[in-house]
Amino acid sequence: MIILSAVCFTGMNACVRLAGDIPSVQKSFFRNIVAAAFAAVMLVKSRTPLKIQKGCGTAMLMRAVCGTAGVFCNFFAVDHLALADASMLNKLSPFFAVIFSIIILKEKTSFAQIAAVVLAFCGSLFIIRPSFSNMELIPSLIGFTGGMGAGAAYTLVRYMKQRGEKSALIVFCFSVFSCAAALPIMLADFAPMSAKQLGILILTGLFAAGGQFAITGAYSFAPAKEVSVFDYSQVIFSAAVGFILFDQVPVPMSIIGYVIIIGSAVWTFIMNNKNEDELN
């Protein structure tokens, strides 16, 4: 299921690129309005009331803000970077989640986790390549910021889930907020679309919804510590799709960054399972 989600999110990013010269915010609007429709159907089917749990109001708002910023930044990065680079920067979100879990959830963390975070951020420098001669520096920094926003959003989702908030309501509130935030920006700089482009943007939303359902299913079938590392298969799929559709070949420095970041994720995966085995 989590590999299926990686395929879906790769399809989403590919459609973002295939939609052509349309502002990133306009693309994100169509992605989120489809997600909002799916979430609304889920709310109706489950008869979930539109009532936020006590103590979750601020977290719900902050999750929507951080998630929206994450989507905007990710779509901008996808439009301006190789798909594999944009996907890898977005996959920094679990490492940011470790940091935000310490700040927001007051969770304790191990030296191994902190070391993995530092190593992953060092790996990101090989992708960002901070120098004034790098023409992709700004999109890379925006992609990095998108990973940060996603990490904060995931932490806030966990905070609300611990207090009994419904997943469908979290997705619905986030999607509606994102659409509302994107709408005035989109109208101020609206780009006319062909029927083909509109169809691709709707497909973007469908891929995103499929990815959300698949990743939710994966985490309902097995603990995060057992399956989360497979989410990095998206980088492989993105590299393949980027090469086939857009003739993109990651530069050697980026590949080094991929190896470091994925290596950090695998190390964290192994350490988490080792610690769990020792407790049992």
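Read on for a plain summary of the structure.

Turning our eyes to something else, we now look at the overall build of the protein. Regarding its fold elements, the protein presents 12 helices and zero strands. Shown N-terminal to C-terminal, the secondary structure of the protein runs as helices and strands in the order α-α-α-α-α-α-α-α-α-α-α-α. In terms of overall size, the protein behaves like a compact globule, its C-alpha atoms giving a radius of gyration of 18 Å where 280 residues would be expected to give roughly 19 Å. In terms of its C-alpha atoms, the protein occupies a principal-axis envelope of roughly 60 × 50 × 30 Å. Buried positions account for 48% of the 280 residues belonging to the protein.

This next bit is on a nonpolar patch on the surface. Residues Phe-38, Met-42, Leu-198, Ile-202, Leu-203, Leu-206 and Phe-213 make up a contiguous nonpolar surface patch of roughly 550 Å² in combined accessible area. When contributions to the nonpolar patch are tallied by element, the ones reaching two or more residues are helix H2 (24-46) and helix H9 (195-221). A total of five residues in the nonpolar patch trace back to one element, the largest contributor, which is H9. Tracing the backbone through its elements, the reader meets Phe-213 in helix H9. Residue Phe-213 is classed as partly exposed on the basis of its relative accessible area, which comes to 38%.

We now examine the side chain of Arg-129. Relative to the helices and strands, Arg-129 resides in the loop between helix H6 (111-128) and helix H7 (137-161). Polar contacts involving the side chain of Arg-129 include one to the main-chain carbonyl oxygen of Phe-126, which spans 3.1 Å. Of the polar contacts made by the side chain of Arg-129, one reaches the side chain of Ser-254; its length is 2.9 Å. Those residues in contact with Arg-129, other than ones at most four positions away along the chain, are Asp-85, Asn-134, Glu-136, Leu-137, Val-251, Met-253 and Ser-254.

The backbone phi angle of Arg-47 is positive, close to 55 degrees, even though this residue is not glycine. Here Arg-47 is to be found in the loop between H2 and helix H3 (57-80). With phi around 55 degrees, Asp-247 is a residue other than glycine that occupies positive phi space. With respect to the helices and strands, the residue Asp-247 is situated in the loop between helix H11 (233-246) and helix H12 (252-279). Given a relative accessible area of 67%, Asp-247 falls into the exposed group.

It is at 7 Å that the axes of helix H5 (residues 93-104) and H7 come closest, and there the two elements cross at 50 degrees. Put simply, H5 runs oblique to H7. Both H5 and H7 take part in a crossing whose hand is right-handed. Listed contacts from H7 to Ser-93, Phe-96, Ala-97, Phe-100, Ser-101 and Ile-104 of H5 are Phe-144, Gly-147, Met-148, Ala-150, Gly-151, Ala-152, Tyr-154, Thr-155, Leu-156, Arg-158 and Tyr-159. Of the residues that constitute the contact of H5 with H7, the class distribution is 11 nonpolar, five polar and one charged.

Counting 46 residues, the largest nonpolar core has Met-88, Leu-92, Phe-95, Met-160 and Ile-261 as the members making the most contacts within it. When sequence neighbours within four positions are dropped, the list of residues in contact with Leu-92 reads Ala-120, Phe-121, Ser-124, Phe-144 and Ile-261.

To continue, consider the environment of Ala-181. Mapped onto the fold, Ala-181 is located in helix H8 (residues 167-188). Along the sequence, Ala-181 and Leu-125 sit 56 residues apart, while their C-alpha atoms lie 31 Å from each other.

Attention now moves to the pattern of salt bridges. One pass over the structure, following the stated rule, counts two salt bridges. A salt bridge links Arg-129 to Glu-136, with the shortest nitrogen-to-oxygen separation between them at 3.8 Å.

Here Gly-263 shows up in helix H12. Judged by its relative accessible area of 33%, Gly-263 falls in the partly exposed class. Residues Gly-263 and Lys-106, 157 residues apart in the sequence, show an inter-C-alpha distance of 26 Å.

Quick notes on the rules
- Residues numbered from 1 in each chain as written.
- Predicted model: local features only at pLDDT ≥ 70, side-chain atom pairs only at ≥ 80, totals over all residues.
- Heavy atoms only, no water.
- Helix = DSSP H or I, 4+ residues; strand = E, 2+ residues; numbered from the N terminus.
- Rg over C-alpha atoms; globule rule 2.2 N^0.38 Å.
- Buried < 20%, exposed > 50% of the residue type's maximum accessible area, 1.4 Å probe, protein only.
- Patch = residues over 30% accessible without salt bridge, like charges linked within 9 Å, V, L, I, M, F, W, Y side chains within 5 Å.
- Areas by Shrake-Rupley, 256 points an atom, 1.4 Å probe, with all protein chains shown as cover.
- Salt bridge = Lys/Arg side-chain N within 4 Å of Asp/Glu carboxyl O.
- Polar contact = N/O pair within 3.5 Å; in protein donor to acceptor, adjacent residues only side chain to side chain.
- Contact = heavy atoms within 4.5 Å.
- Axes fitted to C-alpha atoms, helices over the stretch in contact; angles between N-to-C directions.
- Parallel < 35°, antiparallel > 145°, perpendicular 65-115°, else oblique.
- Left-handed = near helix turned anticlockwise from the far one by under 90°.
- Nonpolar A, V, L, I, M, F, W, Y, C, P; charged D, E, K, R; others polar.
- Core = buried A, V, L, I, M, F, W, Y, C linked by side-chain atoms within 4.5 Å.

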